Amino acid sequence: MPPGAPIVPVTALRARGRPAASPSKLVDAVGRRVTYLRVSVTDRCNQRCTYCMPPEGIEHVSHAEILSFEETEAIVREFAALGVDTVRVTGGEPLVRKDVVSLFAGLAAVETATRDRLTVALSTNAERLSDHADALVQAGVRRFNVSLDSLDPARYRRVTRRGDLDRVRAGIAAVAGRTGVVVKTNTVAISGFNDDELHRIARFAWGLGAIPRFIETMPMHAGRLFVPGRLMAAAEIRERIAADLGARVVPTDAKDVPGSGPARYFDVVGGRGRVLGRIGIISPMTENFCAACNRVRLDSRGRLHGCLAADRTVDLRTALRRGGSAGLRAAIAE
């Protein structure tokens, strides 16, 4: 969402003379419905990806500042009652947090405003995924997004500073192909580093029944970047994949791709019109998706972010701890 755009209940928009469909929905100040909540459960990670943090790492917050699982579930329930139907658990790396599977089970039991079950997704680097795959699926996780920036062990180690590619591949294989489970790989495309293997990553994902996605990353840390090369624009990503596969990359409406995230999907079409597979492109920089944004983000300390590019946050943790459900609802309205 654009910097400073608050989340406003539909009833408040009515007071401004704007049309609204239901008082049980969240609509922002420019009329976009919020249906997707990203929830960070930890700021810790077992990797140190070069595009995510500087070499010296980051300063972690204390355990007392982190939302408890009970608090996280209470906040998610409130959002579900207001029209959110998808929650994605992120980190850091979510699977480094102790007993995190119990949180997934609680979230999967949450009922949305339409009396459906909340869709629960996980973003992970997959190093610990094979250890938890059965438990996560049994707990109700149906969507897995896995970071995969290289299929070369030395490159993978270089970009993650400590990652184990064999364990990552085992983690992907442990969840891919299961009935009702959707797996997507996420690759930050970096010219001069992994641009020569984007097509191989695509074929690897297709071979497992997963959907490969390629990302333009946003400059974080006061605009600094810590990548071993130049970030690629969305058009350049598509052109490189098409050239290396001897194919065309054409837009698709992708109504059969589960998910409500920011990716735009394309079919990769080879000779005689044969579709080799589908790819997603996430392009916050050159082909931004702000107009269709439907998500907000809750960090591990309970601060609600309207947009990663905006500094303004709302403290839901303090609102919940001091004011209970009523305080939480008021803070969300703010």
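Thresholds applied
Each chain carries its own residue numbering, running from 1 in the direction its sequence is written. Local features in a predicted model are, by the rule used here, given only for residues with pLDDT of at least 70; side-chain atom pairs are given and counted only at 80 or more, and totals for whole chains, interfaces and linings are based on all residues. Based on all heavy atoms of the structure, the side-chain values leave hydrogens and waters out of the count. A helix here means a DSSP run of H or I that spans at least four residues, while a strand means a run of E at least two residues long, and both kinds are numbered starting from the N terminus. In what follows, a disulfide is any cysteine sulfur pair within 2.5 Å. Residue count minus one, scaled by 1.5 Å, sets the expected span of a helix. Exposure classes here rest on a 1.4 Å probe applied to the protein chains alone. A residue is buried below 20% of its type maximum, exposed above 50%, and partly exposed in between. In this scheme, strands are said to pair when DSSP sees at least two bridges between them. Fitting a line to C-alpha atoms yields each axis, with helices limited to the stretch in contact; the angle taken between N-to-C directions then spans 0 to 180 degrees. In what follows, residue pairs with any heavy atoms lying within 4.5 Å of each other are defined as contacts. Only buried residues count toward a nonpolar core, which is a set of Ala, Val, Leu, Ile, Met, Phe, Trp, Tyr and Cys residues joined through side-chain atoms within 4.5 Å. Throughout this description, any angle smaller than 35 degrees is read as roughly parallel, any larger than 145 degrees as roughly antiparallel, any in the 65 to 115 degree range as roughly perpendicular, and the remainder as oblique. Here is the rule for handedness: rotate from the far helix to the near one, and if that takes an anticlockwise turn smaller than a right angle the crossing is left-handed, while a clockwise turn gives right-handed. Residues are grouped as follows: Ala, Val, Leu, Ile, Met, Phe, Trp, Tyr, Cys and Pro are nonpolar; Asp, Glu, Lys and Arg are charged; all remaining types, including Gly, are polar. Charge counting treats Lys and Arg as positive and Asp and Glu as negative, with His and both chain ends excluded. By convention in these notes, a salt bridge is any Lys or Arg side-chain nitrogen within 4 Å of a carboxyl oxygen on Asp or Glu. Counting of polar contacts relies on pairs of N or O atoms within 3.5 Å, with two restrictions inside protein: one atom must be capable of donating a hydrogen and the other of accepting it, and residues adjacent in sequence are counted only when both atoms are side-chain atoms.

Participant: Help me get a handle on the environment of valine 159, residues and values and all.
Facilitator: With respect to the element layout, valine 159 can be found in helix α5 (residues 153-160). Sequence separation between valine 159 and cysteine 49 is 110 residues, and the spatial gap between their C-alpha atoms is 5.5 Å.

Participant: Let's hear about the state of the cysteines: which residues, and what values?
Facilitator: Following the criterion strictly, the structure yields zero disulfides and no others. Sulfur of cysteine 52: no disulfide; nearest cysteine sulfur belongs to cysteine 49 and is 6.3 Å away. In this model cysteine 293 remains outside any disulfide bridge; the closest cysteine sulfur is found in cysteine 307, 6.8 Å from its own.

Participant: Tell me about helix α2 (residues 69-81), and please be specific about residues and values.
Facilitator: An α-helical turn contains 3.6 residues, so any two residues separated by three or four positions project in the same direction. When the terminal C-alpha atoms of α2 are compared, their 18 Å separation across 13 residues agrees well with the 18 Å that a helix rising 1.5 Å per residue should span. Taken residue by residue, α2 has Phe69, Glu71, Thr72, Glu73, Ile75, Val76, Glu78, Phe79 and Ala80 as its buried positions. Phi turns positive one or two residues past the end of α2, at glycine 83, with a value near 110°.

Participant: So what's going on with the sheet that holds strand β7 (residues 182-188)? Which residues, and what values?
Facilitator: Spatial strand order, β11-β12-β13-β9-β7-β6-β5-β4-β3-β14-β15-β16: twelve strands in an open sheet with mixed pairing. Each edge of the open sheet carries a strand with a single partner, namely β11 (248-251) and β16 (313-315). Across the sheet, the axes of successive neighbouring strands diverge by a mean angle of 25°, strand direction being ignored. Inspection of the sheet shows strand β6 (residues 143-147) paired to β7 by five bridges, in the parallel sense. Paired with phenylalanine 144 across the two strands is valine 183, which belongs to β7. Sitting on the sheet, helix α4 (residues 129-139) is in contact with β5 (119-124) and β6, with an inclination near 165° to β6.

Participant: Summarise the pairing of strand β12 (residues 264-269); cite the residues concerned and give the values.
Facilitator: Across the six residues of β12, five count as buried, placing the element largely inside the fold. Bridge count for β11 against β12 is four bridges, and the pairing is antiparallel. By the bridge assignment, valine 250 is partnered in β12 with aspartate 267. Taken together, the six bridges between β12 and strand β13 (residues 275-282) define a ladder with antiparallel strand orientation. Note on β13: the bridge partner recorded for tyrosine 265 is glycine 280.

Participant: Give me the lowdown on unusual backbone geometry, citing residues and values where you can.
Facilitator: In most cases, non-glycine residues show a negative phi, while peptide bonds are predominantly trans. The omega torsion of the bond from glycine 91 to glycine 92 falls at 10°, within 30 degrees of zero and hence cis. With respect to the helices and strands, the residue glycine 92 is situated in the loop between β4 (86-90) and α3 (100-108). One non-glycine residue, arginine 115, lies in the positive phi region at around 65°. Within the element layout of this structure, arginine 115 appears in the loop between α3 and β5.

Participant: If you had to explain the nonpolar core to someone new, which residues and values would you point to?
Facilitator: Grouped together as the largest cluster of nonpolar side chains are 76 residues, with contacts concentrated most on Phe79, Phe144, Ile279 and Leu316. Apart from residues no more than four positions distant in its own chain, phenylalanine 144 is found in contact with Leu122, Leu129, Leu136, Val137, Val175, Val181, Val182, Val183 and Lys184. Ranked by size, the runner-up nonpolar core spans 14 residues in total, among them Tyr51, Ile190, Ile211 and Val257.

Participant: Talk me through the packing of α4 against helix α6 (residues 165-175); I want residue IDs and the actual numbers.
Facilitator: Packing of α4 against α6 brings their axes to within 8 Å, and their N-to-C directions diverge by 15°. Between α4 and α6, the angle falls in the class roughly parallel. Crossing handedness for the pair α4 and α6: right-handed. Contact residues: Leu129, Ser130, Asp131 and Ala133 in α4; Arg167, Ala170, Gly171, Ile172, Ala174 and Val175 in α6. Partitioning the contact of α4 with α6 into residue classes produces six nonpolar, two polar and two charged.

Participant: Before we move on, could you go through the side chain of glutamate 216 and cite the residues and values that matter?
Facilitator: By secondary structure assignment, the location of glutamate 216 is in the loop between β9 (211-215) and β10 (230-231). Buried charged residue glutamate 216 carries no salt bridge. Nearest counter-charge: arginine 238, at 7.2 Å. In this structure the side chain of glutamate 216 is engaged in a polar contact, spanning 2.4 Å, whose partner is the side chain of threonine 286. Each residue touching glutamate 216, except ones within four places of it in the same chain, is listed here: Met232, Ala233, Ala234, Ile282, Ser283, Pro284, Met285, Thr286 and Glu287.

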